[in-house]
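Descriptive structure summary
The chain contents come next:
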Amino acid sequence: MNQSIKSIGVLTSGGDAPGMNAAIRAIVRTALYYDLKVFGIKHGYQGLILNQIEHLRSHDVAAIIQRGGTILKTARSEAFKTEEGMHTAFENLKQHDMDALVVIGGDGSFRGATEFGKRYGIRIVGLPGTIDNDIYGTDVTIGYDTALNTIVEAVDKIRDTASSHDRMFFIEVMGRNAGFLTLRAGIACGAEAILIPEVESDIHKFVDYLENGYRRKKSSNIVLVAEGEKEGGAFEVVKKLQPYLKDYDVRVSVLGHIQRGGSPTAYDRYIATKMGVEAIKALLNGKSGIMIGIQNDKTVHVPIEKAIKIHKSIDLNELEIINIMNV
Ligand code: F6P
């Protein structure tokens, strides 16, 4: 172990995700286990610029493993993208004698961290924290499993009312520009169709289905629309499909930020804890510029630049499952 690290900082950045608290707890307790001092930085990079930094002890992270959101709060900082903002952040980091930073967030947060690390020689380790699961190098991100379960619960409820009224529902699912949440939720909810940004021809195929009346024999139709769908969100998609929807009683539901909240699932708590422990061990072993990922249930070190640059692709076999299930 590299004992040159004496003190670390931890922050959450970008959209919050269930399981971030479990990761913070793991980082703090592992650091303390190895006799490191830990600072919590509030409101992500913005708090680093504003010097919103506090010393964290073991009891500060007690009973947070089950809590959604992030006790450190989060923000998307524009100021951190400027030279001046980054410099102030560095000054505050040095004032607290922090040797390294653990950043929990999405690829935008990693971009900021990489730039900061390179410019000021700060050791950085990233933990993928986003419900979108759109980060290369890890099978899953912290928060994805909880969001999936929230979506499935919500869609199941909509299915009850959809069946009672013989309705077709277009349900908009989060995920920014990616369709991971929509695809997995579609399989788990037994959706009749999904529209995701990764597959451009989906909407045309869907029109074919509508035109031949195939789906009318069902008492309910659930179509999940990824918010990043190229044709637009659920309302826009319905507008575009209007000529083909005359025979259907259609409703639209946008799930929204309900997908980001709630107590993390056991799986999210588990991976967040495992990644948090590994982040500190990696720093103590002299590692920097890496993201801790999960591949085949094991923690892995992924160069953070790769995690940012390489596009994580959808498994098209999973898409086929939706079609097979709707035979
Ligand atoms: O990245 C997480 C996420 O919830 C995306 O799925 C969504 O597009 C975005 O954040 C919403 O961001 P905001 O909370 O800033 O509206």
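All of the points below concern the structure found in this document. Computed from a predicted model, the values in this text were never measured in an experiment. (Residues numbered from 1 in each chain as written. Predicted model: local features only at pLDDT ≥ 70, side-chain atom pairs only at ≥ 80, totals over all residues. Heavy atoms only, no water.)

As for the site of the ligand
If you check the shell around the ligand, you find Arg76, Thr130, Ile131, Asp132, Met174, Gly175, Arg176, Glu227, His257 and Arg260 and nothing else. Here an oxygen atom of the ligand and a side-chain polar atom of Glu227 are 2.4 Å apart. With respect to the ligand, the side chain of His257 contributes an N or O atom lying 2.8 Å from an oxygen atom. Contact with the protein chains covers 75% of the free accessible surface of the ligand, which is 400 Å². The pocket occupied by the ligand, as judged from atoms lying within 2 Å of grid points, is the largest pocket. Per-class residue counts for the shell around the ligand are two nonpolar, three polar and five charged. (Near = heavy atom within 4 Å. Polar contact = N/O pair within 3.5 Å; in protein donor to acceptor, adjacent residues only side chain to side chain. Areas by Shrake-Rupley, 256 points an atom, 1.4 Å probe, with all protein chains shown as cover. 1 Å grid on protein atoms, 1.4 Å probe; cavity = no way out; pocket = protein on both sides within 12 Å on 5 of 7 lines; lining within 4 Å. Sits in = over half its atoms within 2 Å of the grid points. Nonpolar A, V, L, I, M, F, W, Y, C, P; charged D, E, K, R; others polar.)

Notes on the layout of surface pockets
When its volume is computed, the largest pocket comes out at roughly 670 Å³. Elements that contribute at least two residues to the lining of the largest pocket include exactly helix 3 (83-95) and helix 4 (107-120). Per-element accounting of the lining of the largest pocket gives the leading share, seven residues, to helix 4. The residue inventory of the lining of the largest pocket, partitioned by class, reads five nonpolar, 12 polar and 14 charged. Residue-level mapping places the lining of the largest pocket at the junction of two domains, with at least three residues from each of domain 1 (7-143 + 264-309) and domain 2 (144-260). (Points joined across faces, edges and corners; volume = space filled by probe spheres on them. Helix = DSSP H or I, 4+ residues; strand = E, 2+ residues; numbered from the N terminus. Domains from an automatic or database assignment.)

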